[in-house]
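A structural walkthrough
So the chains spell out like this:
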Amino acid sequence: MSENYQIRLSRENDLRILNDIENAASELFQNTKYALEVDQDPLPIAFLRKQSEKGLIWIAVDDKDRPVGFAVAIILDNFAHLHEISVHPKHGRRGLGRRLVNVVIQFAIKSKLSGVTLSTFRDIVWNAPFYRKLGFCEMSDDELESGLKEIRMKESELGLPLSDRVIMKLTF
């Protein structure tokens with residue numbers, strides 16, 4: 001049976017399911033040097049609700065309208081910053097991540113933003129190499145504006161190894 005996936009904006013009743021998707025997706029880090037990601041707390045519901053109300057969460061749903069993936073953006077330094085993207089591993093490797101990124105890109109274009117930014121692991125296949133294939137390029141620390149510098153600080157406070165992280169952007 002083939003699945004017909006759609007992408008739509010989030011609804012209030014989707015929000016709690018997103019934590020389950022995020023937790024399942026974090027399991028992919030289990031056999032990497034970033035296994036600490038598995039134990040990270042999922043995004044707070046209050047944050048998700050706020051972004052949902054702003055129209056900044058897109059949901060990948062199956063043919064029964066059940067959420068199987070999502071992308072959350074924030075507006076930062078006149079860019080749509082891809083804050084989180086997760087696809088449940090049972091639905092992975094079907095192009096949903098690419099489709100979710102493309103929806104964020106289209107949102108940024110329609111909103112007349114400068115582009116899309118994100119922060120990710122440099123050497124994990126489904127992280128920086130994936131985004132590079134979509135046209136994103138790495139930013140040097142000198143290029144970071146205040147919002148992205150704050151993202152880096154928060155990542156450091158969470159114990160993420162900044163030497164293994166990269167900020168990337170796609171500009172229009």
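Note that the structure is predicted; figures quoted are calculated from it, not measured.

1. Section: the overall build of the protein
- The helix and strand tally for the protein stands at five helices and seven strands.
- Starting at the N terminus, the α and β elements of the protein follow one another as β-α-α-β-β-β-α-β-α-β-α-β.
- For 172 residues, the compact-globule formula gives about 16 Å, and the C-alpha radius of gyration of the protein, at 15 Å, lands near that figure.
- Each principal axis of the C-alpha distribution contributes one length, and for the protein these read about 45 × 40 × 30 Å.
- Split into buried and exposed, the 172 residues of the protein put 48% on the buried side.
- Nonlocal contacts in the protein, meaning residues at least 24 apart in sequence, comprise 68% of its contacts between residues at least 6 apart.
- Taken as a whole, the protein presents about 9,300 Å² of accessible surface, with 50% of it coming from carbon and sulfur.
- Separation between the mean location of the 24 positive side-chain charges and that of the 25 negative ones in the protein comes to 6 Å.

2. Observations concerning the packing of aromatic side chains
- A complete count under the given rule lists three aromatic pairs for this structure.
- Ring centres of Phe130 and Tyr131 lie 5.0 Å apart, and the angle between their planes is 70°; on these two criteria the pair is classed as edge-to-face. Summarising the burial analysis for this pair, Phe130 and Tyr131 share the class buried.
- With centroids separated by 5.7 Å and ring planes inclined at 75°, the aromatic side chains of Tyr131 and Phe136 adopt a geometry described as edge-to-face.

Cut-offs and rules
Here the residue index of a chain counts from 1 through its sequence in written order. Totals for whole chains, interfaces and linings use every residue, but because this is a predicted model, local features are given only for residues with pLDDT of at least 70 and side-chain atom pairs only at 80 or more, for both listing and counting. As a rule here, side-chain values come from all non-hydrogen atoms in the structure, and water together with hydrogens is ignored. A run of H or I in DSSP becomes a helix once it reaches four residues, and a run of E becomes a strand once it reaches two; helices and strands are each numbered from the N terminus. What the globule rule says is 2.2 Å times the number of residues to the power 0.38, and the radius of gyration is computed from C-alpha atoms. Partly exposed describes any residue whose relative accessible area lies between the buried limit of under 20% and the exposed limit of over 50%, with all areas from a 1.4 Å probe on protein chains only and scaled to the type maximum. We call two residues in contact when some of their heavy atoms are within 4.5 Å. Accessible areas in this description were obtained via Shrake-Rupley with a 1.4 Å probe; residue shielding takes into account the shown protein chains only. Only four residue types enter the tally: Lys and Arg on the positive side, Asp and Glu on the negative side, with His and both chain ends excluded. Where a charge lies is defined by one atom per residue type, namely NZ (Lys), CZ (Arg), CG (Asp) and CD (Glu). When the centres of two rings from Phe, Tyr and Trp lie within 6.5 Å, Trp using its six-membered ring, the rings pair. Their planes under 30 degrees apart give stacked, over 60 give edge-to-face, and anything left gives tilted.

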